[in-house]
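Residue-level listing of the chains:
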Amino acid sequence: MNQYPKVSSSILSANFAFLGKEIQEVTQAGADSIHIDVMDGHFVPNITLGPQIIKAIRPYSSLPFDVHLMIKNVDSYINHFAEAGADSLIIHPETEPHVHRTLQAIRKFGKKAGIALNPATSPQVIEYLLDEIDIILIMTVNPGFGGQSFIYSQLEKIKSVHSMIGKRPIEIAVDGGVNFENSSKIIEAGASTLVAGTAIFNEAGYEKNIKRLKGKIA
Ligand code: DX5
Ligand code: ZN
């Protein structure tokens, strides 16, 4: 068993003018997956990118692409993101009235199905969905922007989700404000994956930054 947590590199903080190159670099630097934030300006107050860009950057890394969909009408877009090269699709339960069906639709495309919990969203939302879920993404900021501060009240939520899933093979990922100071607390609470944008991209030395997040170096 791998003793270190996985690190998923959130490209929201990458230099968008050199996205392919940035993805190549974090891949070589030891990231475990690429986290791609899709925002529509409706569900969250920011707009980022869509399936065309994902298709364009797909050849730049062999790592899994985790696509975090912060969009309304998500059901209408699942096929587009699946075909663009996503390996997992992570949705917010507030965006669709029939989340169970949405998760099943994602798996029908052969993709991992993920659910994201906003800071204000109770983990009870997923109580009857656990067998349909491969990834639970616990938001430790309000989604929409990189570079926000970690909301510490969510550590308790990570613990309850961890005990809720029991022995099911569900990945617990934590997204937002993850840094070198709080990463060990997040892992102790029960997370298996750290999603990080600012902590990886805002300082030179991506390999060093990823190693620090994993706790391999101080
Ligand atoms: C926020 C996004 C995050 C974001 C994290 O809405 O979901 O993935 O990129 O960025 P940092 O690590 O800067 O908080
Ligand atoms: Zn994200």
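One can find the structure itself at the top, above this paragraph.
Here is a short report on the structure shown in this document.

About the thresholds
Residues numbered from 1 in each chain as written. Chains lettered and ligands numbered in written order. Predicted model: local features only at pLDDT ≥ 70, side-chain atom pairs only at ≥ 80, totals over all residues. Heavy atoms only, no water. Salt bridge = Lys/Arg side-chain N within 4 Å of Asp/Glu carboxyl O. Helix = DSSP H or I, 4+ residues; strand = E, 2+ residues; numbered from the N terminus. Near = heavy atom within 4 Å. Polar contact = N/O pair within 3.5 Å; in protein donor to acceptor, adjacent residues only side chain to side chain. Areas by Shrake-Rupley, 256 points an atom, 1.4 Å probe, with all protein chains shown as cover. Nonpolar A, V, L, I, M, F, W, Y, C, P; charged D, E, K, R; others polar. Phe/Tyr/Trp six-rings, centres within 6.5 Å; stacked < 30°, edge-to-face > 60°. Buried < 20%, exposed > 50% of the residue type's maximum accessible area, 1.4 Å probe, protein only. Lys NZ or Arg CZ within 6 Å of the ring centre and 35° of its normal. Arc of directions from axis to C-beta. Contact = heavy atoms within 4.5 Å. Pairing = 2+ DSSP bridges. Axes fitted to C-alpha atoms, helices over the stretch in contact; angles between N-to-C directions. Right-handed = clockwise from strand over helix to strand, strands pointing away.

## Considerations on the pattern of salt bridges
Working step 1: In this structure the tally under the stated criterion is eight salt bridges.
Working step 2: Ionic pairing is found between Asp 134 and Arg 107, a salt bridge with its closest N-O pair at 3.0 Å. With a gap of 27 residues between them, Asp 134 in the loop between strand E5 (112-117) and strand E6 (135-139) and Arg 107 in helix H4 (residues 99-108) connect regions that are remote in the sequence.

## Considering the site of ligand 1
Working step 1: Residues in close proximity to ligand 1 total 19 residues, the closest being Ser 10, Gly 144, Asp 175, Gly 177 and Thr 198.
Working step 2: Contact between ligand 1 and Ser 10: an oxygen atom at 2.7 Å from a side-chain N or O atom of the residue.
Working step 3: In the model, an oxygen atom of ligand 1 is placed 2.8 Å from a nitrogen or oxygen of the Gly 177 main chain.
Working step 4: In isolation ligand 1 has 380 Å² of accessible area, and contact with the protein removes 99% of it.
Working step 5: Of all elements in the fold, only strand E2 (33-39) and strand E3 (65-70) reach the threshold of two or more residues within the shell around ligand 1.
Working step 6: Looking at which element gives the most residues to the shell around ligand 1, the answer is E2, with three residues.
Working step 7: For the shell around ligand 1, the class distribution of residues is seven nonpolar, 10 polar and two charged.

## Quick notes on the packing of aromatic side chains
Working step 1: Evaluation of the coordinates by the stated rule reveals two aromatic pairs.
Working step 2: When the centroid spacing of 5.2 Å and the interplanar angle of 70° are considered together, the rings of Phe 201 and Tyr 206 count as edge-to-face. Tyr 206 carries the same exposure label as Phe 201, and that label is buried.
Working step 3: The aromatic ring of Phe 180 is capped on one face by Arg 212, whose charged end is 4.0 Å from the ring centroid.

## What to know about helix H1 (residues 19-28)
Working step 1: Within H1, the full set of buried residues consists of Leu 19, Gly 20, Glu 22, Ile 23 and Val 26. Taken end-on, H1 shows its buried residues confined to a sector of 165°, consistent with a single buried face.
Working step 2: Tucked into the core, H1 has its buried residues touching strand E1 (6-10), E2, helix H2 (51-57), helix H7 (198-201) and helix H8 (206-214).
Working step 3: Phi turns positive one or two residues past the end of H1, at Gly 30, with a value near 105°.

## Some points on the sheet that holds E3
Working step 1: Around the barrel, which closes on itself, the eight strands sit in the order E1-E2-E3-E4-E5-E6-E7-E8 with parallel pairing between neighbours. Shown here is a sheet whose adjacent strand axes are inclined to one another by a mean of 25°, direction ignored.
Working step 2: In this structure, strand E4 (residues 88-91) lies alongside E5, joined through four bridges in parallel fashion. The residue of E5 that forms the bridge with Ser 88 is Lys 112.
Working step 3: Across the face of the sheet, helix H5 (residues 154-165) comes into contact with E5, E6 and strand E7 (171-175) while running at roughly 165° to E6.

## Some words on the pairing of E4
Working step 1: Side chains Ser 88 and Ile 90 project from E4 onto one buried face, and the interleaved Leu 89 and Ile 91 project onto a second face that is buried too.
Working step 2: As paired strands, E3 and E4 are joined by four bridges and run parallel to one another. In the sheet register, Val 67 faces E4, and the bridge partner there is Leu 89.
Working step 3: At this point the chain moves from E4, through H4, to the parallel E5, and the crossover so formed is right-handed.

## Notes on the side chain of Asn 182
Working step 1: Here Asn 182 lies in the loop between E7 and helix H6 (183-189).
Working step 2: A polar contact is formed between the side chain of Asn 182 and the backbone nitrogen of Asn 179, at a distance of 2.8 Å.
Working step 3: If we ignore the near neighbours within four places in the chain, the residues touching Asn 182 are Phe 150, Tyr 152 and Gly 177.

## Regarding the environment of Ser 76
Working step 1: Structurally, Ser 76 is set in the loop between E3 and helix H3 (78-84).
Working step 2: Judged by relative accessible area, which is 47%, Ser 76 ranks as partly exposed.

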